[in-house]
Amino acid sequence: MSNKVLIVDDAAFMRMMIKEILSKNGYSVVGEASDGAQAIEKYKELGPDLVTMDITMPEMDGIAALKEIKKLDPNARVIMCSAMGQQAMVIDAIQAGAKDFIVKPFQADRVLEAIKKTLS
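So, how was this worked out
Residues numbered from 1 in each chain as written. Predicted model: local features only at pLDDT ≥ 70, side-chain atom pairs only at ≥ 80, totals over all residues. Heavy atoms only, no water. Core = buried A, V, L, I, M, F, W, Y, C linked by side-chain atoms within 4.5 Å. Buried < 20%, exposed > 50% of the residue type's maximum accessible area, 1.4 Å probe, protein only. Helix = DSSP H or I, 4+ residues; strand = E, 2+ residues; numbered from the N terminus. Contact = heavy atoms within 4.5 Å. UniProt positions renumbered as here; feature names shortened; annotations may be inferred. Pairing = 2+ DSSP bridges. Right-handed = clockwise from strand over helix to strand, strands pointing away. Axes fitted to C-alpha atoms, helices over the stretch in contact; angles between N-to-C directions.

The protein chain is annotated in an unreviewed UniProt entry as Response regulator from Brevibacillus nitrificans.

Colleague: Please clarify how the nonpolar core should be interpreted in this entry.
Modeller: Nonpolar side chains in soluble globular proteins generally cluster together in the buried interior. Within the largest apolar cluster, 21 residues are counted, with the highest numbers of intra-cluster contacts made by V8, V51, M53, L66, V78 and M80. Listing elements by their share of this core, those giving two or more residues are β1 (4-8), α2 (36-46), β3 (50-54), α3 (62-72), β4 (78-82) and α4 (87-95). No other element matches α3, which puts four residues into this core. In this structure, L66 is in contact with M53, V78, M80, A93, A96, G97 and A98, ignoring residues within four places of it in sequence.

Colleague: In this structure, what is going on with the UniProt feature "modified residue: 4-aspartylphosphate" (unreviewed entry) in the protein chain? I would like to understand it.
Modeller: UniProt marks D54 with the feature "modified residue: 4-aspartylphosphate" (unreviewed entry), using the numbering shown here. Considering the arrangement of structural elements, one finds D54 in strand β3. For D54, the residues in contact, after removing those within four places along its chain, are V8, D9, D10, G62, M80, C81 and K104.

Colleague: Before we go on, may I ask you to explain the pairing of strand β2 (residues 28-33) in this structure?
Modeller: Every other side chain in a regular strand lies on the same face of the sheet, so the side chains alternate between the two faces. Across five bridges, the pairing between β1 and β2 is parallel. Across the sheet, V5 pairs through a bridge with V29, a residue of β2. With respect to chirality, the unit in which β1 leads through helix α1 (residues 12-24) into the neighbouring parallel β2 is right-handed.

Colleague: Sorry if this is basic, but what is going on with the sheet that holds β3 here?
Modeller: Pairing between the strands of a sheet comes from backbone hydrogen bonds, and it takes one of two forms, parallel or antiparallel. What the five strands build is an open sheet, ordered β2-β1-β3-β4-β5; its pairing is parallel. The open sheet terminates on both sides in strands that have one partner only, identified here as β2 and β5 (100-103). On average, adjacent strands in this sheet sit at an angle of 20° to one another, irrespective of strand direction. Contacts between helix α5 (residues 108-119) and the sheet are confined to β3, β4 and β5, with β5 contributing the most and set at about 170° to the helix.

Structure below.
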């Protein structure tokens, strides 16, 4: 059975890029969300094995959403997606329970490496 992934990013283009990388490599993208609040609802609804979460989003940012998801499911596996120069936020995210992070623009091999490591 393929692992179920929820993709969270406010940019549709970024969601499409990650979805393409995952779909080509046997992962099942079960849902997408464009902000943190949607991410929490989709997480409850879909129960994915893994979430890729953008850090900077309108409404609710990725770190706040990560904290809420970890409250719902302490075993949630979340990989943060950040732009260059967001090191402080990445550190906050890891402290809040993120398993790994990937930097935009996405490199397919780095995305897959982070996902394999997080799911194993």
